[in-house]
Amino acid sequence: MYTKFPYGTSAENDQLLLPSGMLSVDIERKAIRLHDGVTQGGFEMVGERAFKSPFIGEVSANDLITGSALATSIGLTAGTTFNTDKGWLHFVDPVDGKTKYVAKKPFRHSLSWNQINAVGAVFGSTVVQIAGQSYKVRLFKTLLTDTWSYVGPGIYDPAETHGSEWNRLMYPITDGRYASYSPVELGVGPEIGRHAWCQESSAGDTGNRVFRAASGVTYMHHYYATANTNAFGWRPVLELVE
């Protein structure tokens, strides 16, 4: 007697959305993936990625790019620059396997989602060259869909974010799994630029966009895409084009 699990190539596994608790086999990577019912592709439990922390470490601004230089390269002049030399957090995403650099702290404050979108830096349509490598410049994804169905005041750790890019990368570096950064170290505490604009919209008002962080990484709310008070910040994600 034996149990046969769904199987296929890495690309085929990446497309699977299976019920919670089910396993699939990646015959290309010789890996087993565990599915949770919400995360497309599941999580590699046995295989190369399973034994590696997605957080590689910090990369200095000198070794990659400063916040002000990145803004200049994409034509982003809105808002006020700060934290320009605070550097980057280097990840290899455990779900999609992509190399990503996240600004350790927001690089600009007092700018709106619309102003970031105007230079193509929300969804990754703008690509920059850094030391001979190509990177998409974009904002975090914090949902598994394009729209947040919740309508109400800001809340902590909403269920719709579970398995999202923000949760996968930011939660484990604050809760001790891979690191123990404080809210102050990441600029997600009660300070200027704390609200990190993200890609998705709000079902309650399509003119609103969601943001994460206020007094820690788990907070989430939505607000006018035109808002540009100093609470709102630009925390770019550089995704390596491979």
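Data block above holds the structure.
Residues numbered from 1 in each chain as written. Predicted model: local features only at pLDDT ≥ 70, side-chain atom pairs only at ≥ 80, totals over all residues. Heavy atoms only, no water.

Caption draft 1: Structural context of the overall build of the protein. Across its full length, the protein holds five helices and 18 strands. The C-alpha atoms of the protein give a radius of gyration of 18 Å, which matches the 18 Å a tight globule of 242 residues would have. Along the longest, intermediate and shortest principal axes, the C-alpha atoms of the protein span 65 × 45 × 30 Å. Going through the 242 residues of the protein one by one, you find that 50% of them count as buried. Of the contacts made within the protein by residues no fewer than 6 positions apart, 58% connect residues no fewer than 24 positions apart. (Helix = DSSP H or I, 4+ residues; strand = E, 2+ residues; numbered from the N terminus. Rg over C-alpha atoms; globule rule 2.2 N^0.38 Å. Buried < 20%, exposed > 50% of the residue type's maximum accessible area, 1.4 Å probe, protein only. Contact = heavy atoms within 4.5 Å.)

Caption draft 2: Fine view of unusual backbone geometry. Residues other than glycine seldom take positive phi values, yet Ser110 does so here, at roughly 65°. One can find Ser110 in the loop between strand S9 (108-109) and helix H3 (113-117). Its identity as a non-glycine residue notwithstanding, Asp157 has a phi of 50°, on the positive side. Looking at where Asp157 falls in the secondary structure, it is placed in the loop between strand S13 (155-156) and helix H4 (165-170). Note on Asp157: relative accessible area 32%, which makes it partly exposed.

Caption draft 3: Quick look at the pattern of salt bridges. Scanning the model with the defined rule gives 11 salt bridges in all. With a shortest N-O distance of 3.1 Å, Arg33 and Asp26 are connected by a salt bridge. Judged on exposure class, the residue Arg33 and its partner Asp26 are both buried. Note that Glu239 and Arg138 form a salt bridge whose closest N and O atoms lie 2.9 Å from each other. Placement of the pair is Glu239 in strand S18 (residues 237-240) and Arg138 in strand S11 (residues 133-138), with a sequence separation of 101 residues. The burial state of Glu239 is the same as that of Arg138; both residues are buried. Sharing partners across several salt bridges, the network here consists of Asp93, Asp96, Lys100, Arg138, Glu165, Arg168 and Glu239. (Salt bridge = Lys/Arg side-chain N within 4 Å of Asp/Glu carboxyl O.)

Keep in mind these values describe shape, not function.
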